[in-house]
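In case you want the letters, here they are:
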Amino acid sequence: MPQTVALLAAASGDQGPGNTLRIVLLASLVGAVLLGWFLLRGYRNDDNND
């Protein structure tokens, strides 16, 4: 396992922050969509509960 960690660390050093920023951006977009869905679903008119 330590060899795998060292190999990944060496490989990621050549690429810079591009992949990390891409993952953070994608995760934040998915989180924003999920948060919007969660908040907006409470505003639906649900007439079945009357």
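The model shown is predicted, which means the values in this text are computed figures rather than measured ones.

Visitor: Please provide a residue-by-residue account of the UniProt feature "transmembrane region" (unreviewed entry) in the protein, values included.
Guide: Within the UniProt annotation, "transmembrane region" (unreviewed entry) is assigned to residues 23-40. Annotated as 100% helix and 0% strand, the span residues 23-40 places its first and last C-alpha atoms 26 Å apart.

Visitor: I'd like a description of helix α2 (residues 18-40), backed by residues and values.
Guide: In a regular helix each residue adds 1.5 Å, so 23 residues correspond to 33 Å; α2 covers 33 Å between its end C-alpha atoms and thus fits that length. For α2, a buried count of 0 out of 23 residues is recorded, marking the element as mostly open to its surroundings.

Visitor: I'd like a rundown of the packing of aromatic side chains, residues and numbers included.
Guide: Evaluation of the coordinates by the stated rule reveals 0 aromatic pairs. Directly above the ring of W37 sits R41, whose terminal nitrogen or CZ lies 5.3 Å from the centroid.

Rules of the game
Position labels on residues start from 1 in each chain and follow its written sequence. With the structure being a predicted model, the display of local features is reserved for residues of pLDDT at least 70 and the display and counting of side-chain atom pairs for 80 or more, all residues being used for whole-chain, interface and lining totals. Based on all heavy atoms of the structure, the side-chain values leave hydrogens and waters out of the count. UniProt positions are given in the numbering used here, feature names are shortened, and annotations may be inferred rather than shown by experiment. Numbered from the N terminus, helices here are DSSP runs of H or I no shorter than four residues, and strands are runs of E no shorter than two. Expected helix span is given by 1.5 Å per residue-to-residue step, counting one fewer step than there are residues. Note on classification: 1.4 Å probe, protein chains only; a residue is buried when its accessible area is under 20% of the maximum for its type, exposed when over 50%, partly exposed between these limits. Pairing of aromatic rings covers Phe, Tyr and the six-membered ring of Trp, with a centre-to-centre limit of 6.5 Å; geometry is then stacked below 30 degrees between planes, edge-to-face above 60, and tilted otherwise. A ring is scored as having a charge over it whenever the NZ atom of a lysine or the CZ atom of an arginine sits within 6 Å of its centre and within 35 degrees of its normal.

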